[in-house]
Amino acid sequence: NVGIKRRMKRFFRRDGRALIFAMDHGFEHGPTDFEEHWEHVNPRIIIKKVVRAGIDGVMMLPGLARAAGIDVKPNVGLMIKLTSKTNLRPKDDQLLQSQLGYVEDAVKLGADAIAATVYWGSPQEDAMMRQFAEIASYAHDLGFPVVQFAYPRGPYINEKYGRKEDYRVVMYGARAAVESGADMIKTYWTGSRETFAKVVDAAAGVPVLLSGGAKTDNPVDFLKLVWDVIEAGGAGAVVGRNIFQREDPEPFIKALLRVVHRNEDPEEAAKA
Ligand code: FBP
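None of the values given here were measured: they were computed from a predicted structure.

**Student:** Explain the nonpolar core to me, and be specific about the residues and the numbers.
**Tutor:** Formed by 87 residues in total, the largest nonpolar core has its most connected members in Phe21, Val50, Ile55, Val58, Met79, Ile114 and Met184. Contact partners of methionine 184, with chain neighbours within four places excluded, come to Met8, Phe11, Phe12, Met79, Ala113, Pro145, Val146, Val147, Gln148, Val206, Pro207 and Leu209.

The structure is reproduced here in structure tokens:
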């Protein structure tokens, strides 16, 4: 499908890699995520900074894109995520993401890709799988690529594997994402290059992006993590807290871009 291929290029440079800014935290975690640098709760302020730093794409929920009147530069990809859940319920009741909007809404907002989460292994897996299939079917019909946030999660995974980042479940989620129609996958770090390379293999050529995770105290530690992802064959990262929880995100994004696109050594990239 020509539309899908063309729109994928809004995110990925010629090297097949991308650095995407994530900002759905006000809904998914709550506005407290922004308290370290409160001005970043304002999407206009933080989006301006990340775009100025040269980010390849931004990801948000439809309402925020509408409220902020997001007008990102034409060379920055816009990824609209159609599912979410709040952090207001007890953890055990957060194993389902609901649909907040439709593919048409995202298209009207100027999206270049549509995103949705599936919690593989959750007791609600069936509902999320169907939701994803429906979104993917509409999006593909219209020529839009679909990103799956393929997150293994739930009590059974904890019981059987000990943690949701166990590579056996992460690669299972990635494979399930491919087989359910994803054009890009976003998932957890598995702890080592060797195991993450298996996740990449299981994805059978579909680009695998790191899900950033909590902010590291030392910025270089996060650059090293992204470097490991790239060395393992990953296609880049979708990063939220490690960007907007830093006082000065612009030099940090530039360093991340050097690691992602130029394979630069993290220590060197941090100094530049
Ligand atoms: P981060 O880089 O801040 O981890 O953002 C990525 C992301 O997937 C967000 O899109 C989402 O809000 C959050 O992480 C979900 O985190 P979790 O469900 O693990 O608390």
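**Student:** An account of the pairing of strand E10 (residues 236-239) is requested, with residue identities and associated values reported.
**Tutor:** Residues Gly236 and Val238 line one face of E10 and the alternating positions Ala237 and Val239 line the opposite face, and both faces are buried. With 4 bridges joining them, strand E1 (residues 18-22) and E10 adopt parallel strand pairing. Within E10, the position partnered with phenylalanine 21 by the bridge is valine 239. Relative to E10, strand E9 (residues 208-211) is paired through 3 bridges, and the arrangement is parallel. Across the sheet, the residue bridging to leucine 209 is glycine 236, located in E10. Once you follow E9 into helix H10 (residues 219-231) and on to E10, the crossover reads as right-handed.

**Student:** Summarise the packing of helix H8 (residues 167-179) against helix H9 (residues 193-202); cite the residues concerned and give the values.
**Tutor:** Two elements in contact, H8 and H9, have axes whose closest approach is 8 Å; the angle formed by their N-to-C orientations is 20°. Relative to H9, the element H8 is oriented roughly parallel. The way H8 lies across H9 gives a crossing that is right-handed. Two secondary-structure elements touch here, H8 through Tyr167, Val170, Met171, Ala174, Arg175 and Val178 and H9 through Thr195, Lys198, Val199 and Ala202.

Rules used in this analysis
Residues numbered from 1 in each chain as written. Predicted model: local features only at pLDDT ≥ 70, side-chain atom pairs only at ≥ 80, totals over all residues. Heavy atoms only, no water. Core = buried A, V, L, I, M, F, W, Y, C linked by side-chain atoms within 4.5 Å. Buried < 20%, exposed > 50% of the residue type's maximum accessible area, 1.4 Å probe, protein only. Contact = heavy atoms within 4.5 Å. Helix = DSSP H or I, 4+ residues; strand = E, 2+ residues; numbered from the N terminus. Pairing = 2+ DSSP bridges. Right-handed = clockwise from strand over helix to strand, strands pointing away. Axes fitted to C-alpha atoms, helices over the stretch in contact; angles between N-to-C directions. Parallel < 35°, antiparallel > 145°, perpendicular 65-115°, else oblique. Left-handed = near helix turned anticlockwise from the far one by under 90°.

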